[in-house]
Amino acid sequence: MNKTIERFSTSQRVLHWCVTVSFFTLLLSGLGLFSRLFHGYFSLFGGGETAIIVHKIAGILFFGSSLCLFLAMRRDTTSFDSGDLTWFKSAGGYLTREEMTFDVGKFNPGQKIFSIFTAAATVILGITGAIIWAPLHYPRFIAQFSLMLHGLMFVCAIMFVLVHIYLGTIGNPGTLESMLWGNVRKNWARHHHPRWYREKVKGEG
Amino acid sequence: MSEMLSGSTRLGFLVDSSRCLGCRSCQVACQQWNKLEAEQTTNKGSFQNPQELTPLLYNLIRFEESADAAGNVTWRFLSRRCMHCGDAGCLKVCPSPGALFRTKDGIVGYDKEKCISCKYCVSACPFNIPRYGSDEKVAKCNLCLDRLAAGMAPACAKACPTETLKFGVRSELVAKVKAAGKTVYAETELGGLGVVYAMEGKPEEYGLPAKPSIPLSIFLWKDVIKPLGILGFWGSIGAILLHYVTVGPKRIEDDHGDTGGTSHE
């Protein structure tokens with residue numbers, strides 16, 4: 001009997017890595033624009049002017065791929081139920097060594113919030129980014145506000161992403177496989193996403 | 001930034017509007033010295049020409065008309081240009097070191113070679129001064145740094161026939177304005193303006209903001225979001241490491257169920 005179960009399809013994984021690569025390209029090319037403290041990162045791109053060009057291209061790719069990824073997952077990430085409430089009440093079991101299992105579906109509410117935040121951040125960063133791209137076409141207060149909001153959303157995004165990476169890798173061993181070759185161990189699925197596992201097995205049976 | 005400016009060496013630029021005839025010699029001299037092409041302009045029913053600063057015009061005489069209750073009209077002329085702020089918004093946001101810089105005399109200069117065309121300075125300027133032309137590089141008054149290096153006064157001050165524009169040590173210019181019983185515009189705001197306006201009325205009557213300041217969004221970005229963001233980044237890293245060594249990862253063993261009993265990490 002197969003010991004693993006498919007969690008993410010090939011197209012979902014490819015899309016996710018497009019988002020990842022464009023995100024880190026945006027991060028590295030944008031740090032120098034966020035503050036002069038990080039001016040050194042411009043040298044990765046041969047200077048500030050090329051870093052801006054790279055940032056714009058990566059921005060378009062990120063905007064498109066991130067929204068596609070959200071739309072592809074939206075049915076599983078945008079509705080909450082009573083199982084999610086118990087998860088929230090005990091912070092997903094992340095504050096104790098005790099083994100806790102919650103009756104959650106394909107995504108737990110923390111992942112759902114990350115998904116919704118990412119979609120909102122993508123839209124806000126995209127719109128403000130487009131304004132900063134050609135600031136002279138807009139009233140000054142709109143360009144100023146966009147610069148502020150772009151920086152604020154970046155700061156929020158980087159903190160969300162740090163937690164996302166931690167929980168997807170060393171924080172939950174066995175999770176990263178779902179984004180690499182797509183399958184997870186059945187025992188992992190039974191513990192982390194019991195309801196999704198039951199539905200999945202029923203579907204297979 | 002402003003604490004680096006020494007009062008005794010900071011150079012300034014006096015604009016005494018009460019002496020101004022509105023002849024625009026300063027505009028012409030500036031364009032001539034800085035080799036700026038003349039532009040086609042249109043008559044908008046005012047002597048002000050063109051209506052605003054352009055990438056090819058670093059200073060401009062504004063013609064401000066106002067009438068009091070009795071119908072007496074006052075016509076004010078104001079030389080508008082980069083104010084060379086002590087605490088300059090453009091320097092605060094410029095991501096390319098050396099593209100915008102402050103000289104030891106306190107003048108805000110720029111280097112087109114180092115400008116990366118981000119246009120942040122346009123948004124951050126409290127007075128909406130920097131312009132971008134077809135070369136996509138910053139352009140504004142730099143008080144003729146090349147002339148200063150050769151011991152000459154800026155072209156506009158040299159050309160002014162009425163001594164409306166005077167160049168010198170800022171503290172001396174400020175003292176001179178006060179001795180004449182006039183007020184100095186924004187003497188302390190923004191670290192003190194390098195351009196010393198001698199005012200006989202309210203700033204608003206000259207078309208200037210009463211209390212100029214760095215735009216709020218720019219202040220929030222640079223002085224609130226940036227430091228808190230850096231703190232948040234390292235705080236998140238710290239929290240993650242702390243979580244890993246205290247609570248630890250959620251290991252799901254493969255030691256029971258239908259998985260065959262092989263133990264995985």
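Shown above is the structure to which this text applies.
As the structure is a computational prediction, the values presented were derived from the model and not from experiment. (Residues numbered from 1 in each chain as written. Chains lettered and ligands numbered in written order. Predicted model: local features only at pLDDT ≥ 70, side-chain atom pairs only at ≥ 80, totals over all residues.)

**A short note on unusual backbone geometry**
All names here are of chain B. Omega for the peptide link from Asn-49 to Pro-50 comes to -5 degrees, which places this bond in the cis form. Here Pro-50 is to be found in the loop between helix 1 (25-33) and strand 2 (60-67). A positive phi is found at Leu-143, a non-glycine position, where the angle reads about 50 degrees. Secondary-structure assignment places Leu-143 in the loop between strand 7 (138-139) and helix 4 (145-149). A tally of 27 C-beta atoms within 10 Å means that Leu-143 is categorised as buried. Residue Glu-163 is not a glycine yet carries a positive backbone phi of 60 degrees. Locating Glu-163 in the fold gives a position in the loop between helix 5 (155-159) and strand 8 (165-169). (Helix = DSSP H or I, 4+ residues; strand = E, 2+ residues; numbered from the N terminus. Buried ≥ 20, exposed ≤ 12 C-beta atoms within 10 Å, placed from the backbone.)

**Looking at the interface of chain B and chain A**
The interface of chain B with chain A comprises 39 residues on the first partner and 41 residues on the second. Secondary-structure elements contributing two or more residues to the side of chain B that touches chain A are helix 3 (120-124) and helix 7 (216-246) of chain B. The dominant element in the side of chain B that touches chain A, judged by the number of residues it contributes, is helix 7 of chain B, at 13 residues. Counted by class, the side of chain B that touches chain A contains 19 nonpolar, 13 polar and 7 charged residues. (Contact = placed C-beta atoms within 7 Å. Nonpolar A, V, L, I, M, F, W, Y, C, P; charged D, E, K, R; others polar.)

**As for the pairing of strand 3 (residues 73-80) of chain B**
Examined bridge by bridge, strand 2 of chain B and strand 3 of chain B share 8 bridges and lie antiparallel to one another. In the sheet register, B:Ile61 faces strand 3 of chain B, and the bridge partner there is B:Ser79. (Pairing = 2+ DSSP bridges.)

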